[in-house]
Amino acid sequence: MRAWEANIRRVVPYVPGEQPRGGNLIKLNTNENPYPPAPGVAEALAQMSVEGLRKYPDPTAHDLVRSLAEYYGVGEDQVFVGVGSDDVIAMSFLTFFNSEKPILFPDISYSFYKVWADLFRIPYETPALDENFCIRGEDYLRENGGIIFPNPNAPTGVLLPLSEVEAIVRGNPDVIVIVDEAYIDFGGVSALKLLERYENLLVVQTFSKSRSMAGMRIGFAIGNPRLIRALNDVKYSYNSYTMNLPSIRAGVAAVKDEAYFKKTTAKIIATRERAKGKLRELGFSFPDSKANFIFAAHESVPGAQLFEDLKKARIYVRHFNGPRLDDYLRITVGSDEEMDALFAFLEEYL
Ligand code: PMP
């Protein structure tokens with residue numbers, strides 16, 4: 001080993017889902033939205049001049065902050081934006097999780113949490129989900145340095161009722177509780193409602209799923225102004241210009257079109273509910289999902305094998321290794337046509 005190697009930070013990175021090349025495939029592996037972004041997004045991008053790229057973007061991304069504040073009925077000083085919710089959550093770990101006590105997140109959850117905790121050297125504990133893949137609220141009422149969980153949870157899709165989210169926030173007034181609502185628009189009730197009552201709550205959402213803009217990389221957090229100020233202080237200590245100009249413009253255009261947003265999320269919800277019936281008929285079982293994916297295990301075919309055989313048929317889903325996960329596939333809810341192609345394959349295969 002070279003001497004300098006001793007000074008290199010060793011991390012086990014997060015592994016994102018595969019982005020296969022080439023056409024003629026059905027991609028149900030990274031929870032992307034099957035529909036295009038709102039029509040106004042294309043217009044906003046078409047109106048941009050390349051000349052405009054000469055200058056730095058607005059470091060406060062004020063236009064986007066204002067749009068989100070108006071849409072969600074909060075103050076502009078309550079909104080923080082970042083490069084996808086991954087960026088927002090990473091900044092939040094740096095900003096809010098500085099206790100010697102362990103932070104808490106579920107054992108089966110978004111696997112990036114563990115990676116950020118290791119990267120930033122934050123101690124953590126992972127309370128187990130119950131036998132139905134539900135978060136047990138009482139596990140989060142012990143001493144801790146902060147809490148984060150997705151709602152609905154990933155990769156299970158299980159939604160924690162708002163009353164139980166509130167019990168966790170209320171029971172932890174001395175730490176920040178982050179609710180990661182990446183999938184909340186597919187039928188969940190947002191914790192944004194609780195913000196008036198709890199200054200220790202931070203709600204994080206993304207444009208990647210319900211607003212169909214994973215490629216643009218826009219995420220945001222809403223919380224009380226003191227939390228948002230602290231997040232911005234950390235952001236400006238790291239990288240002032242996180243949001244590029246096209247993202248700001250496209251983000252503003254997406255927020256404007258509420259009708260399109262409602263229509264496309266309703267379509268995905270309808271397809272998901274139909275998919276539940278079909279998967280059950282085919283011998284799958286799954287916890288009830290309120291997200292744009294279903295976490296399903298087949299009664300006779302092991303998850304890893306089904307994953308490989310689907311891939312050979314150019315149908316991509318996600319498979320995770322690990323106790324309680326191996327048997328399952330996380331299947332993103334695509335368009336009706338994509339789901340029908342999946343069901344046709346499964347009928348034949350099984
Ligand atoms: N939180 C959860 C629970 C997710 O599944 C994802 C998607 N990988 C993210 C956050 C991050 O999404 P993005 O950075 O695209 O906003």
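These numbers come from a predicted model, not from an experiment.

S.K.: Break down the packing of aromatic side chains for me, with residues and values.
M.R.: Counted under the stated rule, the structure contains 23 aromatic pairs. Ring geometry for tyrosine 71 against phenylalanine 261: centres 6.5 Å apart, planes inclined by 85°, an arrangement best described as edge-to-face. Taken together, the residues tyrosine 71 in helix 2 (residues 62-72) and phenylalanine 261 in helix 8 (residues 258-281) connect sequence positions 190 residues apart. What makes tyrosine 71 partly exposed here is its relative accessible area of 24%. The class of phenylalanine 261 is buried, set by a relative accessible area of 8%. Taken together, a centroid distance of 6.0 Å and an interplanar angle of 65° make the contact between tyrosine 110 and phenylalanine 112 edge-to-face. Take phenylalanine 112: its relative accessible area is 15%, and that puts it in the buried class. Three or more aromatic residues joined by ring pairs make a cluster, and in this case those are Tyr14, Phe93, Phe97, Phe105, Tyr110, Phe112, Tyr113, Trp116 and Tyr124. A cation over an aromatic ring shows up here: arginine 211 above the ring of tyrosine 71, its NZ or CZ 5.1 Å from the ring centre. The ring of tyrosine 35 carries the charged tip of lysine 267 above its face, separated from the ring centre by 4.3 Å.

S.K.: Give a description of empty space enclosed by the protein that names residues and reports values.
M.R.: Considering all chains together, one arrives at one cavity of 30 Å³ or more under this definition. The computed volume of the largest cavity comes to approximately 70 Å³. Lining the largest cavity are Pro37, Ala38, Ser210, Arg211, Ser212, Ala254, Asp257, Tyr260, Phe261 and Thr264. At three residues, the largest contribution of residues to the lining of the largest cavity is made by helix 8. Residue composition of the lining of the largest cavity, grouped by class: five nonpolar, three polar and two charged.

S.K.: For helix 9 (residues 303-312), give the residues involved together with the corresponding values.
M.R.: Among the residues of helix 9, Gly303, Leu306, Phe307, Asp309 and Leu310 are the ones counted as buried. Close packing links the buried residues of helix 9 with strand 9 (284-285), strand 10 (293-298), strand 11 (315-316), strand 12 (328-332) and helix 10 (336-349). Once helix 9 finishes, arginine 314 follows within two positions and takes phi at roughly 65°, a positive value.

S.K.: So what's going on with the site of the ligand? Residues and values would help.
M.R.: Taken together, 13 residues lie near the ligand, and Ser85, Asp180, Tyr183, Thr206 and Ser208 sit nearest. Within the contact set of the ligand, an oxygen atom lies 3.0 Å away from a backbone nitrogen or oxygen of aspartate 86. For the ligand, a nitrogen atom lies 3.1 Å from a polar atom in the side chain of tyrosine 110. Relative to its free-state accessible area of 410 Å², the ligand is covered by the protein chains to the extent of 91%. For the shell around the ligand, the leading source of residues is helix 3 (residues 84-96), giving three residues. Class assignment of the residues belonging to the shell around the ligand gives a composition of five nonpolar, four polar and four charged.

S.K.: Describe the pattern of salt bridges, naming the residues involved and giving the relevant values.
M.R.: The full count for this structure, using the stated rule, is 19 salt bridges. Its salt-bridge partner being lysine 27, residue glutamate 32 comes within 2.8 Å of it at the nearest N-O pair. Judged by its relative accessible area of 26%, glutamate 32 is partly exposed. A salt bridge links lysine 262 to glutamate 258, with the nearest nitrogen and oxygen atoms 2.7 Å apart. Taken together, the positions of lysine 262 and glutamate 258, both in helix 8 and four residues apart, correspond to about one turn of that helix. With a relative accessible area of 47%, lysine 262 lands in the partly exposed category.

S.K.: Tell me what's going on with helix 3, and back it up with residues and numbers.
M.R.: The end-to-end C-alpha separation of helix 3 is 18 Å, in line with the 18 Å expected for 13 residues at 1.5 Å each. Extensive coverage of helix 3 is indicated by the burial of 11 of its 13 residues. Regarding helix 3, the residues found buried are Gly84, Ser85, Asp87, Val88, Ile89, Ala90, Met91, Ser92, Phe93, Thr95 and Phe96.

S.K.: So what's going on with the sheet that holds strand 10? Which residues, and what values?
M.R.: Spatially, 9-10-12 is the arrangement adopted by the three strands of the open sheet, whose pairing is antiparallel. The outermost strands of the open sheet, each flanked by one partner alone, are strand 9 and strand 12. Examined bridge by bridge, strand 9 and strand 10 share two bridges and lie antiparallel to one another. Within the sheet, the bridge partner assigned to phenylalanine 284 lies in strand 10 and is histidine 298. Docked against the sheet, helix 9 engages strand 9, strand 10 and strand 12, running at close to 40° with respect to strand 12.

Procedures and definitions
- Residues numbered from 1 in each chain as written.
- Predicted model: local features only at pLDDT ≥ 70, side-chain atom pairs only at ≥ 80, totals over all residues.
- Heavy atoms only, no water.
- Phe/Tyr/Trp six-rings, centres within 6.5 Å; stacked < 30°, edge-to-face > 60°.
- Helix = DSSP H or I, 4+ residues; strand = E, 2+ residues; numbered from the N terminus.
- Buried < 20%, exposed > 50% of the residue type's maximum accessible area, 1.4 Å probe, protein only.
- Lys NZ or Arg CZ within 6 Å of the ring centre and 35° of its normal.
- 1 Å grid on protein atoms, 1.4 Å probe; cavity = no way out; pocket = protein on both sides within 12 Å on 5 of 7 lines; lining within 4 Å.
- Points joined across faces, edges and corners; volume = space filled by probe spheres on them.
- Nonpolar A, V, L, I, M, F, W, Y, C, P; charged D, E, K, R; others polar.
- Contact = heavy atoms within 4.5 Å.
- Near = heavy atom within 4 Å.
- Polar contact = N/O pair within 3.5 Å; in protein donor to acceptor, adjacent residues only side chain to side chain.
- Areas by Shrake-Rupley, 256 points an atom, 1.4 Å probe, with all protein chains shown as cover.
- Salt bridge = Lys/Arg side-chain N within 4 Å of Asp/Glu carboxyl O.
- Expected span 1.5 Å × (residues − 1).
- Pairing = 2+ DSSP bridges.
- Axes fitted to C-alpha atoms, helices over the stretch in contact; angles between N-to-C directions.

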